[in-house]
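Reading the structure
Letter by letter, the chains look like this.
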Amino acid sequence: EIWIMNADGRNVHRVGNVAGNGPYWSNDGRKILFTSWMGSANEVFEMNADGSNPIQLTHLGSEIYWPKWSPDGSKIVFQSNKDGEQEIYTMNSDGNQITQLTFNEYEDSDPGWSPDGKKIVFVSKRTGNLELYTMNWDGTSQTKLTTTVQHAIQPDWKPRITNPPSQPSDFPKLSGPYLGQKPPGTTPELFAPGVISTGLCEVTCAFAPEGDEIIYPLVYRKPHSPKVYSTLVTSRMKNDLWSAPEVLHFSGAKYMDGYPFIRYDGKEFFFQSDRPTNHPDLKNKYNIWRCQRVSGGWSDPEPLPLPINGRGDVSGPSLSLAGDFYFTLMNGGPLDGIYASEYRDGNFSEPRRLPESVNAKPGAFDGVIAPDGSYYLLNVYDKKGDTFGETDLYVTFKDAAGQWTPLISLGGTINTKLNEGSAMISPDGKIIFFSGYLLSYNFFNDFLTYADILNNSLKPQYGNSDIYWVSAEIIEELRPKE
């Protein structure tokens, strides 16, 4: 069995329901690598840090010991007797491309990575005693390090000591609701300039009902990669002070995590992601995931089941206090659009597509339901007749008969010739957040100055999406009079 405890010896508890040994943490602390006996074979498994989702990585039918991830997480080194004697092997982190590194008639064991991942230390009995050796990560340049009278075993490389960044010294001391920002009126304002809206590409935000936590996505590219990434970032208020933004523990890897929505009662948190579901019925690229509120934060995410996921790409989750769950389905067909499902006791009813008056052509998508369910804010792409730009924000109201009214544009105060969207509503219903390019100085002109280009990465409102907020009174001004 595998057990975990705090560094001070408290909170001792078992993780997972599988028998295992030789546990090894991933560098980000999110997963555990271990071996488990399957009959006469000791195979390699991985599982989440809470013991969930165990996955068998090897099927060698041999004895395997001491699996360890490389520092970058791309490789696993281990020892195995699959070819007779105990030898050192590596494989990709998904269990594929197994490569034998040592070849001799004596035991080679106890492998471990150097901090930079370029070398492997191991133990070998090839000269009689158990001695320490090193080799390059590909098995070349095997070099003996020790000559002992007895035996040298279980080597471990000293980790590279770094000082991980804590709260930046220049992060302002902020207290109170909304990071100490004064709530806006009916004219939209940049939200928390220099703190949340920074010049990076920030896309909307969600607040916990207690007002002590914000989650928002940062969109970015990595060098030499065509893919666009999106990472979920959070800031929390502790001891009346807001923390510097940091990446949520399960995000920040290689996925597109976006459209965060915290339930208005704070019990769960939903988002869209292209991370693999490892579920045979959920094969689409984009799925909606759910985290549970746990002590100190959020649980690891799990994909929503059918009938929400599994029928196409989905996004834009939101949930009213009454339990009506809204989302967007994208299949590339006539049934694309916004759907609603009843969410009761963790289960979802068969979704129903909102009427054509809401699912406007050529595209309505990724909206948010008000806490009381009385209106729905949504993105509409290139709507004919009253569009301001490519994507604008619209609202539809639920009338006394429970029917949705035709779409109403939020008007020129919110919408511009550029893109506005990704609206969120504060849990008390008083504030609307959205992303857009309002007042993006000069960056969309034909001629750009040096300062324009420089400010694109250093300041908000210079070409990247920013987060804005505005009083929800603008919605009441548009609500049909009975």
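Residues numbered from 1 in each chain as written. Predicted model: local features only at pLDDT ≥ 70, side-chain atom pairs only at ≥ 80, totals over all residues. Heavy atoms only, no water.

Attention now moves to the overall build of the protein chain. The helix and strand tally for the protein chain stands at 2 helices and 38 strands. For the protein chain, the C-alpha atoms occupy an extent of roughly 90 × 55 × 45 Å along the three principal directions. Scored against the burial criterion, the 482 residues of the protein chain give a buried share of 49%. The long-range share in the protein chain, meaning contacts at least 24 apart out of those at least 6 apart in sequence, stands at 44%. Within the structure as shown, the protein chain displays about 23,600 Å² of accessible surface, and the carbon and sulfur contribution to it stands at 52%. Positive and negative side-chain charges in the protein chain, numbering 42 and 58 respectively, have mean positions lying 2 Å apart. (Helix = DSSP H or I, 4+ residues; strand = E, 2+ residues; numbered from the N terminus. Buried < 20%, exposed > 50% of the residue type's maximum accessible area, 1.4 Å probe, protein only. Contact = heavy atoms within 4.5 Å. Areas by Shrake-Rupley, 256 points an atom, 1.4 Å probe, with all protein chains shown as cover. Lys, Arg positive; Asp, Glu negative; His and termini not counted. Charge placed at Lys NZ, Arg CZ, Asp CG, Glu CD.)

This part is about a nonpolar patch on the surface. A contiguous nonpolar surface patch, about 340 Å² in accessible area, is contributed by Trp3, Met5 and Val12. By relative accessible area, which is 49% here, Val12 ends up partly exposed. (Patch = residues over 30% accessible without salt bridge, like charges linked within 9 Å, V, L, I, M, F, W, Y side chains within 5 Å. Salt bridge = Lys/Arg side-chain N within 4 Å of Asp/Glu carboxyl O.)

With 55 residues, the main nonpolar core has Phe191, Phe325, Tyr375, Leu377 and Phe433 as its most contacted residues. Once you skip the residues sitting within four places of it in the chain, Tyr375 turns out to touch Val368, Ile369, Ala370, Val395, Thr396, Phe397, Trp404, Ile425, Ile432, Ala472, Ile475 and Arg479. Grouped together as the second largest cluster of nonpolar side chains are 14 residues, Ile338, Leu354, Val380 and Trp404 included. (Core = buried A, V, L, I, M, F, W, Y, C linked by side-chain atoms within 4.5 Å.)

Tracing the backbone shows Leu354 in the loop between strand 31 (352–353) and strand 32 (363–369). Overall, Leu354 belongs to the buried group, its relative accessible area being 5%. Separated by 15 residues in the primary sequence, Leu354 and Tyr339 have C-alpha atoms spaced 5.6 Å apart. For Leu354, the residues in contact, after removing those within four places along its chain, are Tyr326, Ile338, Tyr339, Ala340, Asn359 and Trp404.

Looking now at unusual backbone geometry. Along the chain, Leu306 connects to Pro307 via a cis peptide bond; the corresponding omega equals 10°. Locating Pro307 in the fold gives a position in the loop between strand 26 (302–303) and strand 27 (313–319). A positive phi angle is found at Ser141, which is not glycine, with a value near 55°. You can see Ser141 is positioned in the loop between strand 13 (131–136) and strand 14 (143–144). Unusually for a residue other than glycine, Leu179 sits at a positive phi of about 55°. Its location among the elements puts Leu179 in the loop between strand 14 and strand 15 (189–190).

Taken as a whole, this structure holds 2 cavities of 30 Å³ or more when the rule is applied. Here the largest cavity is characterised by a volume of approximately 60 Å³. Considering the residues around the largest cavity, the lining is formed by Cys205, Ala206, Phe207, Phe261, Ile262, Tyr264, Met424, Ile425, Ser426, Pro427 and Phe433. Contributing elements (two or more residues each) for the lining of the largest cavity: strand 17 (206–207), strand 22 (258–262) and strand 36 (421–425). Broken down by class, the residue content of the lining of the largest cavity amounts to 10 nonpolar, 1 polar and no charged. As for the second largest cavity, its lining consists of Thr204, Tyr259, Gly316, Pro317, Asp366, Gly367, Ser422, Ala423 and Met424. The set of elements that each furnish at least two residues to the lining of the second largest cavity consists of strand 27, strand 32 and strand 36. In terms of residues, the lining of the second largest cavity owes the most to one element, strand 36, which gives 3 residues. Among the residues forming the lining of the second largest cavity, the class breakdown is 4 nonpolar, 4 polar and 1 charged. (1 Å grid on protein atoms, 1.4 Å probe; cavity = no way out; pocket = protein on both sides within 12 Å on 5 of 7 lines; lining within 4 Å. Points joined across faces, edges and corners; volume = space filled by probe spheres on them. Nonpolar A, V, L, I, M, F, W, Y, C, P; charged D, E, K, R; others polar.)

Once that is clear, we can look at the pairing of strand 23 (residues 268–273). The buried fraction of strand 23 amounts to 6 of the 6 residues, a majority that puts the element mostly inside the structure. Neither face of strand 23 is open: one carries Glu268, Phe270 and Gln272, the other Phe269, Phe271 and Ser273, and all of them are buried. As paired elements, strand 22 and strand 23 share 3 bridges and run antiparallel to each other. Counterpart to Phe261 in the pairing with strand 23 is Phe270. From the end of strand 22 to the start of strand 23, which pair antiparallel, there are 5 residues, and Gly266 there has a positive phi angle of about 80°. Both strand 23 and strand 24 (residues 287–294) contribute to a ladder of 6 bridges, which runs antiparallel. Directly across from Glu268, in strand 24, lies its bridge partner Gln292. (Pairing = 2+ DSSP bridges.)

Attention now moves to the pattern of salt bridges. The final tally for this structure, using the stated rule, is 14 salt bridges. Residue Asp108 pairs with Arg126 through a salt bridge whose shortest N-O separation is 3.1 Å. Of this pair, Asp108 sits in strand 11 (residues 108–113) while Arg126 is found in the loop between strand 12 (119–124) and strand 13, placing the two residues 18 residues apart along the sequence. Judged by its relative accessible area of 0%, Asp108 falls in the buried class. The salt bridge involving Arg479 is made with Glu476; its shortest N-O contact spans 3.0 Å. Take Arg479: its relative accessible area is 22%, and that puts it in the partly exposed class. One continuous salt-bridge network, built from bridges that share partners, spans Glu213, Arg236, Glu246 and Arg293.

Scope: geometric values only; no functional claims are made or implied.
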